[in-house]
Amino acid sequence: EPAKEGALVYNSETNGLEAYNGSGWDSAAGGGVMPGTWCGLRMSGHSGPVFYCNKTYDPMVSCPSGYTSILFAAMGGNFSGNWYTCVKN
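A. Here's a closer look at the sheet that holds strand 6 (residues 81-88). Ordered by their spatial adjacency, three strands build an open sheet running 4-6-5, and the pairing between neighbours is antiparallel. Since the sheet does not close on itself, it has two edges, and those belong to strand 4 (38-43) and strand 5 (67-75), each with one partner. Averaged over all adjacent pairs, the angle separating strand axes in this sheet is 20°, with direction ignored. Bridge count between strand 5 and strand 6: eight bridges; the pairing is antiparallel. Residue pairing for strand 6: Tyr67 is matched across the bridge by Lys88.

B. Structural detail: the environment of Ala73. For Ala73, the position within the fold is in strand 5. For the pair formed by Ala73 and Ala3, sequence separation is 70 residues and the distance between their alpha carbons is 37 Å. Setting aside residues no more than four positions away along its own chain, Ala73 makes contact with Gly81, Asn82 and Trp83.

C. View of the pattern of salt bridges. Across all of its chains, the model carries one salt bridge by this definition. A salt bridge links Asp58 to Arg42; the shortest N-O distance between them is 2.3 Å. With Asp58 in the loop between strand 4 and strand 5 and Arg42 in strand 4, this pair connects stretches of sequence that are 16 residues apart.

D. A look at the nonpolar core. Judged by nonpolar contacts, Cys39, Cys53, Cys63, Tyr67 and Cys86 together constitute the single largest core of five residues. Each residue touching Cys39, except ones within four places of it in the same chain, is listed here: Cys53, Asn54, Pro59, Tyr67, Thr85 and Cys86.

E. The arrangement of the sheet that holds strand 3 (residues 25-27) in detail. The strand order across the open sheet built from three strands is 1-2-3, with neighbouring strands paired in antiparallel fashion. Both edges of this open sheet fall to strand 1 (8-11) and strand 3, since each of them pairs with a single strand only. Along the sheet, successive strands turn relative to each other by an average axial angle of 40°, direction set aside. Bridge analysis of strand 2 (residues 16-20) against strand 3 gives three bridges, and the strand direction is antiparallel.

F. Geometry of the packing of aromatic side chains. For the structure on display, the rule yields two aromatic pairs. Relative to Trp25, the ring of Tyr20 lies with its centre 5.0 Å away and its plane at 55°, an arrangement referred to as tilted. Owing to a relative accessible area of 18%, Tyr20 belongs among the buried residues under this scheme. Judged by its relative accessible area of 37%, Trp25 falls in the partly exposed class. Taking 4.5 Å as the distance between ring centres and 50° as the angle between the ring planes, the aromatic pair formed by Trp38 and Phe72 counts as tilted. Note that Trp38 is positioned in strand 4 and Phe72 in strand 5, a separation of 34 residues in sequence. Phe72 sits in the partly exposed class, given a relative accessible area of 32%.

Cut-offs used in this document
- Each chain carries its own residue numbering, running from 1 in the direction its sequence is written.
- Totals for whole chains, interfaces and linings use every residue, but because this is a predicted model, local features are given only for residues with pLDDT of at least 70 and side-chain atom pairs only at 80 or more, for both listing and counting.
- Remark: hydrogens and water are excluded; side-chain values derive from all non-hydrogen atoms of the structure.
- Two strands are counted as paired when DSSP detects at least two bridges linking them.
- Secondary structure elements follow DSSP: runs of H or I of four or more residues count as helices, runs of E of two or more count as strands, with numbering from the N terminus.
- Interaxial angle, 0 to 180 degrees, is taken between N-to-C directions of lines fitted to C-alpha atoms, where a helix line uses only the stretch in contact.
- Contacts between residues were defined by any pair of non-hydrogen atoms, one from each residue, lying within 4.5 Å.
- Should a side-chain nitrogen of Lys or Arg be within 4 Å of a carboxyl oxygen of Asp or Glu, the pair is scored as a salt bridge.
- To qualify as a nonpolar core, a set must consist of buried Ala, Val, Leu, Ile, Met, Phe, Trp, Tyr and Cys residues joined through side-chain atoms within 4.5 Å.
- When a residue's accessible area, from a 1.4 Å probe over protein chains only, is under 20% of the maximum for its type it is buried; when over 50% it is exposed; and in between it is partly exposed.
- The criterion for an aromatic pair is that two Phe, Tyr or Trp rings (for Trp, the six-membered ring) have centres within 6.5 Å, with stacked assigned to planes under 30 degrees apart, edge-to-face to planes over 60 apart and tilted to the rest.

Below, the structure written as structure tokens:
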């Protein structure tokens, strides 16, 4: 089935989200990463997976240029630990 206007896909060649405009695919970010976009996810004190930012950066340790590492949640109980992500400046 052909794509419908408004459909979203992740383009692994450009590492970006694209939207179908009815006749072709355009960058959903308008040619760049929008400020406030999160990249990567890491929980301290937990042996779970690390979701790297740009396949390289551990948000608890470092972020790519133009991003800032932030602590966005401190959890207790079964999911005890601090959650970190990289946020586009």
